[in-house]
Amino acid sequence: DTAVSQTPKYLVTQMGNDKSIKCEQNLGHDTMYWYKQDSKKFLKIMFSYNNKELIINETVPNRFSPKSPDKAHLNLHINSLELGDSAVYFCASSQEASFNEQFFGPGTRLTVL
Amino acid sequence: AQTVTQSQPEMSVQEAETVTLSCTYDTSESDYYLFWYKQPPSRQMILVIRQEAYKQQNATENRFSVNFQKAAKSFSLKISDSQLGDAAMYFCAYGSQGGSEKLVFGKGMKLTVNP
(Lines give C-alpha, C1' and ligand atoms only; values in the text may rest on other atoms or scores of the structure.)
Protein backbone atom coordinates (compact mmCIF):
# COMPACT_ATOMS: atom_id res chain seq x y z
CA ASP A 1 0.00 0.00 0.00
CA THR A 2 1.29 3.42 -0.94
CA ALA A 3 1.79 5.62 2.13
CA VAL A 4 1.76 9.03 0.44
CA SER A 5 0.41 9.21 -3.08
CA GLN A 6 0.27 12.07 -5.54
CA THR A 7 -1.57 12.46 -8.81
CA PRO A 8 -0.60 13.09 -11.46
CA LYS A 9 3.07 12.09 -11.54
CA TYR A 10 3.67 14.20 -14.63
CA LEU A 11 1.84 17.32 -15.74
CA VAL A 12 2.57 19.29 -18.90
CA THR A 13 0.56 22.42 -19.51
CA GLN A 14 0.54 25.81 -21.18
CA MET A 15 1.30 29.12 -19.52
CA GLY A 16 -1.78 30.76 -18.10
CA ASN A 17 -3.64 27.53 -17.37
CA ASP A 18 -4.95 26.46 -13.97
CA LYS A 19 -4.01 23.02 -12.66
CA SER A 20 -4.29 20.92 -9.50
CA ILE A 21 -2.14 18.28 -7.90
CA LYS A 22 -3.72 15.89 -5.44
CA CYS A 23 -2.10 14.28 -2.42
CA GLU A 24 -3.37 11.59 -0.10
CA GLN A 25 -1.77 9.83 2.85
CA ASN A 26 -3.02 6.66 4.50
CA LEU A 27 -0.68 6.81 7.49
CA GLY A 28 -3.09 8.55 9.84
CA HIS A 29 -0.70 11.51 10.12
CA ASP A 30 -1.88 14.89 11.35
CA THR A 31 0.44 17.12 9.36
CA MET A 32 0.90 17.41 5.60
CA TYR A 33 3.27 19.52 3.54
CA TRP A 34 4.00 20.72 0.04
CA TYR A 35 7.61 21.18 -1.06
CA LYS A 36 8.94 22.52 -4.34
CA GLN A 37 12.13 21.12 -5.90
CA ASP A 38 13.57 23.40 -8.57
CA SER A 39 15.72 22.54 -11.57
CA LYS A 40 18.85 22.69 -9.40
CA LYS A 41 17.34 20.10 -7.05
CA PHE A 42 16.82 22.61 -4.24
CA LEU A 43 13.92 21.61 -2.00
CA LYS A 44 11.93 24.25 -0.20
CA ILE A 45 8.81 24.15 1.94
CA MET A 46 5.75 25.84 0.50
CA PHE A 47 2.90 24.98 2.86
CA SER A 48 2.15 22.94 5.91
CA TYR A 49 -1.26 21.89 7.23
CA ASN A 50 -2.06 20.39 10.60
CA ASN A 51 -5.50 18.80 10.98
CA LYS A 52 -6.77 20.73 7.98
CA GLU A 53 -5.45 24.06 9.25
CA LEU A 54 -2.73 26.06 7.54
CA ILE A 55 0.30 26.47 9.79
CA ILE A 56 3.07 27.38 7.35
CA ASN A 57 2.91 29.54 4.25
CA GLU A 58 6.39 30.35 3.04
CA THR A 59 6.02 33.46 0.87
CA VAL A 60 4.38 31.53 -1.91
CA PRO A 61 2.55 33.58 -4.59
CA ASN A 62 -1.22 33.88 -4.23
CA ARG A 63 -1.61 31.85 -7.40
CA PHE A 64 -0.85 28.79 -5.26
CA SER A 65 -3.72 27.71 -3.06
CA PRO A 66 -3.57 24.59 -0.93
CA LYS A 67 -6.78 22.93 0.13
CA SER A 68 -7.22 20.29 2.79
CA PRO A 69 -10.70 18.70 2.71
CA ASP A 70 -9.69 16.35 5.51
CA LYS A 71 -6.49 15.50 7.31
CA ALA A 72 -5.65 12.71 4.87
CA HIS A 73 -5.69 14.98 1.82
CA LEU A 74 -3.81 18.11 0.85
CA ASN A 75 -4.31 19.33 -2.69
CA LEU A 76 -2.42 22.09 -4.45
CA HIS A 77 -4.17 24.32 -6.93
CA ILE A 78 -2.14 26.65 -9.13
CA ASN A 79 -3.74 29.49 -11.10
CA SER A 80 -2.31 31.29 -14.11
CA LEU A 81 0.70 29.03 -14.45
CA GLU A 82 4.03 30.64 -15.28
CA LEU A 83 7.22 29.23 -16.79
CA GLY A 84 8.94 29.55 -13.41
CA ASP A 85 6.44 27.20 -11.84
CA SER A 86 8.08 24.30 -13.65
CA ALA A 87 9.48 22.07 -10.93
CA VAL A 88 8.88 18.86 -9.05
CA TYR A 89 6.31 19.22 -6.30
CA PHE A 90 6.45 16.86 -3.34
CA CYS A 91 3.76 16.18 -0.85
CA ALA A 92 4.81 14.83 2.57
CA SER A 93 3.21 13.91 5.87
CA SER A 94 4.31 13.40 9.46
CA GLN A 95 2.84 12.59 12.83
CA GLU A 96 2.31 15.49 15.20
CA ALA A 97 3.48 15.74 18.79
CA SER A 98 7.14 15.11 18.25
CA PHE A 99 9.26 15.72 15.22
CA ASN A 100 9.11 12.48 13.37
CA GLU A 101 10.14 11.40 9.95
CA GLN A 102 8.39 13.09 7.07
CA PHE A 103 7.16 10.59 4.52
CA PHE A 104 7.31 11.89 0.98
CA GLY A 105 5.13 11.18 -2.00
CA PRO A 106 6.67 10.27 -5.37
CA GLY A 107 6.58 13.85 -6.60
CA THR A 108 4.77 15.53 -9.49
CA ARG A 109 6.90 16.90 -12.28
CA LEU A 110 5.17 20.01 -13.59
CA THR A 111 6.31 21.43 -16.92
CA VAL A 112 4.89 24.75 -18.06
CA LEU A 113 5.37 25.51 -21.77
CA ALA B 1 16.30 31.52 10.33
CA GLN B 2 17.98 28.16 10.08
CA THR B 3 20.28 27.35 7.19
CA VAL B 4 21.84 24.10 6.01
CA THR B 5 25.01 23.99 3.93
CA GLN B 6 26.32 21.12 1.87
CA SER B 7 29.52 22.45 0.41
CA GLN B 8 30.36 19.54 -1.89
CA PRO B 9 27.99 19.35 -4.87
CA GLU B 10 29.38 16.03 -6.08
CA MET B 11 31.43 13.12 -4.82
CA SER B 12 32.39 9.72 -6.09
CA VAL B 13 33.41 6.54 -4.32
CA GLN B 14 34.54 3.08 -5.37
CA GLU B 15 32.22 0.22 -4.63
CA ALA B 16 32.94 -1.33 -1.20
CA GLU B 17 34.82 1.78 -0.05
CA THR B 18 33.75 4.32 2.57
CA VAL B 19 32.65 7.87 1.86
CA THR B 20 31.76 10.78 4.10
CA LEU B 21 29.28 13.48 3.13
CA SER B 22 29.55 16.76 4.97
CA CYS B 23 26.83 19.06 6.23
CA THR B 24 26.88 22.11 8.45
CA TYR B 25 23.94 24.08 9.75
CA ASP B 26 23.20 27.28 11.55
CA THR B 27 20.61 27.69 14.28
CA SER B 28 20.02 29.44 17.56
CA GLU B 29 17.79 26.64 18.84
CA SER B 30 19.01 24.08 21.33
CA ASP B 31 16.52 21.32 20.50
CA TYR B 32 16.16 20.17 16.92
CA TYR B 33 16.45 17.22 14.62
CA LEU B 34 18.78 16.50 11.73
CA PHE B 35 18.15 14.16 8.83
CA TRP B 36 19.83 12.71 5.79
CA TYR B 37 17.51 11.97 2.89
CA LYS B 38 18.44 10.07 -0.25
CA GLN B 39 16.90 10.78 -3.65
CA PRO B 40 17.74 8.16 -6.28
CA PRO B 41 16.94 8.72 -9.97
CA SER B 42 13.42 7.46 -9.26
CA ARG B 43 12.91 10.82 -7.53
CA GLN B 44 11.53 9.28 -4.34
CA MET B 45 12.77 10.95 -1.13
CA ILE B 46 13.93 8.26 1.27
CA LEU B 47 14.98 8.86 4.87
CA VAL B 48 18.44 7.45 5.49
CA ILE B 49 19.04 8.43 9.10
CA ARG B 50 17.95 10.93 11.75
CA GLN B 51 19.58 12.44 14.81
CA GLU B 52 17.99 14.18 17.77
CA ALA B 53 20.14 17.09 18.93
CA TYR B 54 19.69 16.24 22.62
CA LYS B 55 21.26 12.81 22.09
CA GLN B 56 25.03 12.69 22.34
CA GLN B 57 25.25 9.27 20.78
CA ASN B 58 25.67 9.27 17.02
CA ALA B 59 22.89 7.58 15.09
CA THR B 60 23.65 4.47 13.04
CA GLU B 61 21.57 2.50 10.56
CA ASN B 62 23.38 -0.52 9.16
CA ARG B 63 26.05 0.83 6.78
CA PHE B 64 25.08 4.44 7.48
CA SER B 65 26.31 6.42 10.46
CA VAL B 66 26.60 10.06 11.38
CA ASN B 67 29.19 12.19 13.09
CA PHE B 68 27.17 14.78 14.97
CA GLN B 69 29.18 17.64 16.43
CA LYS B 70 26.66 19.92 18.11
CA ALA B 71 29.09 22.65 19.14
CA ALA B 72 30.53 22.81 15.65
CA LYS B 73 27.04 22.49 14.09
CA SER B 74 28.27 19.73 11.89
CA PHE B 75 26.39 16.61 10.81
CA SER B 76 28.27 14.35 8.42
CA LEU B 77 27.07 11.07 6.96
CA LYS B 78 29.39 8.10 6.58
CA ILE B 79 28.51 5.36 4.15
CA SER B 80 30.51 2.18 4.66
CA ASP B 81 30.92 -0.62 2.13
CA SER B 82 29.39 1.56 -0.61
CA GLN B 83 27.05 -0.20 -3.00
CA LEU B 84 25.93 0.70 -6.50
CA GLY B 85 22.46 1.30 -5.13
CA ASP B 86 23.80 4.09 -2.91
CA ALA B 87 24.25 6.29 -5.97
CA ALA B 88 21.82 9.18 -5.52
CA MET B 89 21.39 12.78 -4.44
CA TYR B 90 21.82 13.13 -0.70
CA PHE B 91 20.15 15.93 1.22
CA CYS B 92 20.91 17.06 4.71
CA ALA B 93 17.89 18.57 6.47
CA TYR B 94 17.14 20.44 9.68
CA GLY B 95 13.87 20.28 11.62
CA SER B 96 12.83 22.40 14.58
CA GLN B 97 11.52 20.90 17.80
CA GLY B 98 7.90 21.93 18.32
CA GLY B 99 5.99 24.66 16.53
CA SER B 100 6.87 24.87 12.89
CA GLU B 101 7.83 21.43 11.70
CA LYS B 102 9.07 22.27 8.27
CA LEU B 103 12.31 20.77 7.05
CA VAL B 104 15.06 23.09 5.86
CA PHE B 105 17.17 21.32 3.25
CA GLY B 106 20.71 21.75 2.05
CA LYS B 107 21.31 22.02 -1.68
CA GLY B 108 22.11 18.35 -1.98
CA MET B 109 25.11 16.35 -3.07
CA LYS B 110 25.30 13.92 -5.95
CA LEU B 111 27.04 10.66 -5.03
CA THR B 112 28.39 8.43 -7.77
CA VAL B 113 29.45 4.87 -6.95
CA ASN B 114 32.00 3.40 -9.34
CA PRO B 115 32.09 -0.37 -9.87
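Residues numbered from 1 in each chain as written. Chains lettered and ligands numbered in written order. Predicted model: local features only at pLDDT ≥ 70, side-chain atom pairs only at ≥ 80, totals over all residues. Heavy atoms only, no water.

Asker: For the state of the cysteines, give the residues involved together with the corresponding values.
Answerer: Residue and element names in this part refer to chain B. Across all of its chains, the model carries two disulfides over all chains by this definition. Each sulfur in the disulfide pair Cys-23 and Cys-92 lies 2.0 Å from the other. Around the S-S axis, the bridge from Cys-23 to Cys-92 shows a dihedral of about -70° and counts as left-handed. In this pair, Cys-23 sits in the loop between β3 (19–21) and β4 (24–26) while Cys-92 sits in strand β10 (residues 88–96), placing the two residues 69 residues apart along the sequence. Using a relative accessible area of 0% as the deciding quantity, one classes Cys-92 as buried. (Disulfide = S-S within 2.5 Å. Helix = DSSP H or I, 4+ residues; strand = E, 2+ residues; numbered from the N terminus. Buried < 20%, exposed > 50% of the residue type's maximum accessible area, 1.4 Å probe, protein only.)

Asker: Break down the pairing of strand β5 (residues 43–50) of chain A for me, citing the residues and quoting the values.
Answerer: The side chains of a regular strand alternate, first on one face of the sheet and then on the other. Residues and elements named next belong to chain A. With seven of its eight residues buried, β5 lies for the most part within the structure. Relative to β5, strand β4 (residues 31–37) runs antiparallel, the two sharing seven bridges. By the bridge assignment, Trp-34 is partnered in β5 with Phe-47. Here β4 folds back onto β5, and the loop between the two strands holds five residues, one of which, Lys-41, carries a positive phi near 75°. Pairing analysis gives four bridges linking β5 to strand β6 (residues 53–57), with the strands arranged antiparallel. Residue pairing for β6: Tyr-49 is matched across the bridge by Leu-54. (Pairing = 2+ DSSP bridges.)

Asker: Summarise the pairing of strand β1 (residues 4–7) of chain A; cite the residues concerned and give the values.
Answerer: Residue and element names in this part refer to chain A. By the alternation rule, side chains of β1 split into Val-4 and Gln-6, which are all buried, and Ser-5 and Thr-7, of which none is buried. For β1 and strand β3 (residues 19–25), the ladder comprises four bridges, and the chain directions are antiparallel. Counted as the bridge partner of Gln-6 is Cys-23 from β3.

Asker: Pulling in residues and values, what's your account of the sheet that holds strand β8 (residues 73–78) of chain A?
Answerer: The strands making up a sheet are joined through hydrogen bonds of the backbone, oriented either antiparallel or parallel. Residue and element names in this part refer to chain A. Spatially, the four strands line up as an open sheet ordered β1-β3-β8-β7, and their pairing is antiparallel. Each edge of the open sheet carries a strand with a single partner, namely β1 and β7 (64–70). Averaged over all neighbouring strand pairs, the angle between strand axes comes to 20°, with direction disregarded. Bridge analysis of β3 against β8 gives four bridges, and the strand direction is antiparallel. Following the sheet pairing, Ser-20 is matched in β8 by His-77. (Axes fitted to C-alpha atoms, helices over the stretch in contact; angles between N-to-C directions.)

Asker: Could you give an account of the interface of chain A and chain B, naming the residues involved and the relevant values?
Answerer: Taken together, the contact between chain A and chain B spans 30 residues of the former and 20 residues of the latter. Where chain A abuts chain B, roughly 2000 Å² becomes buried across the two surfaces, and 56% of that area is made up of carbon and sulfur atoms. When the shortest N-O distance is used, the salt bridge between Lys-102 of chain B and Glu-58 of chain A registers 3.0 Å. Breaking the side of chain A that touches chain B down by element, the ones donating at least two residues are β4, β5, β9 (87–94) and β11 (108–112) of chain A. Of the residues forming the side of chain A that touches chain B, the biggest block, four residues, is contributed by β4 of chain A. Class assignment for the residues of the side of chain A that touches chain B results in 13 nonpolar, ten polar and seven charged. (Contact = heavy atoms within 4.5 Å. Buried area = accessible area lost by both parts, 1.4 Å probe. Salt bridge = Lys/Arg side-chain N within 4 Å of Asp/Glu carboxyl O. Nonpolar A, V, L, I, M, F, W, Y, C, P; charged D, E, K, R; others polar.)

Asker: Explain the nonpolar core to me, and be specific about the residues and the numbers.
Answerer: In this structure, Trp-36, Leu-77 and Tyr-90 of chain B are the most contacted members of the largest nonpolar core, which totals 27 residues. Elements represented by at least two residues in this core include exactly β3, β5 (32–39), β6 (46–52), β8 (64–69), β9 (74–79), β10 and β12 (109–114) of chain B. Counting residues per element, this core draws most heavily on β10 of chain B, which supplies four residues. Formed by 20 residues, the second largest nonpolar core is a distinct cluster that contains Trp-34, Tyr-49, Val-60 and Cys-91 of chain A. (Core = buried A, V, L, I, M, F, W, Y, C linked by side-chain atoms within 4.5 Å.)

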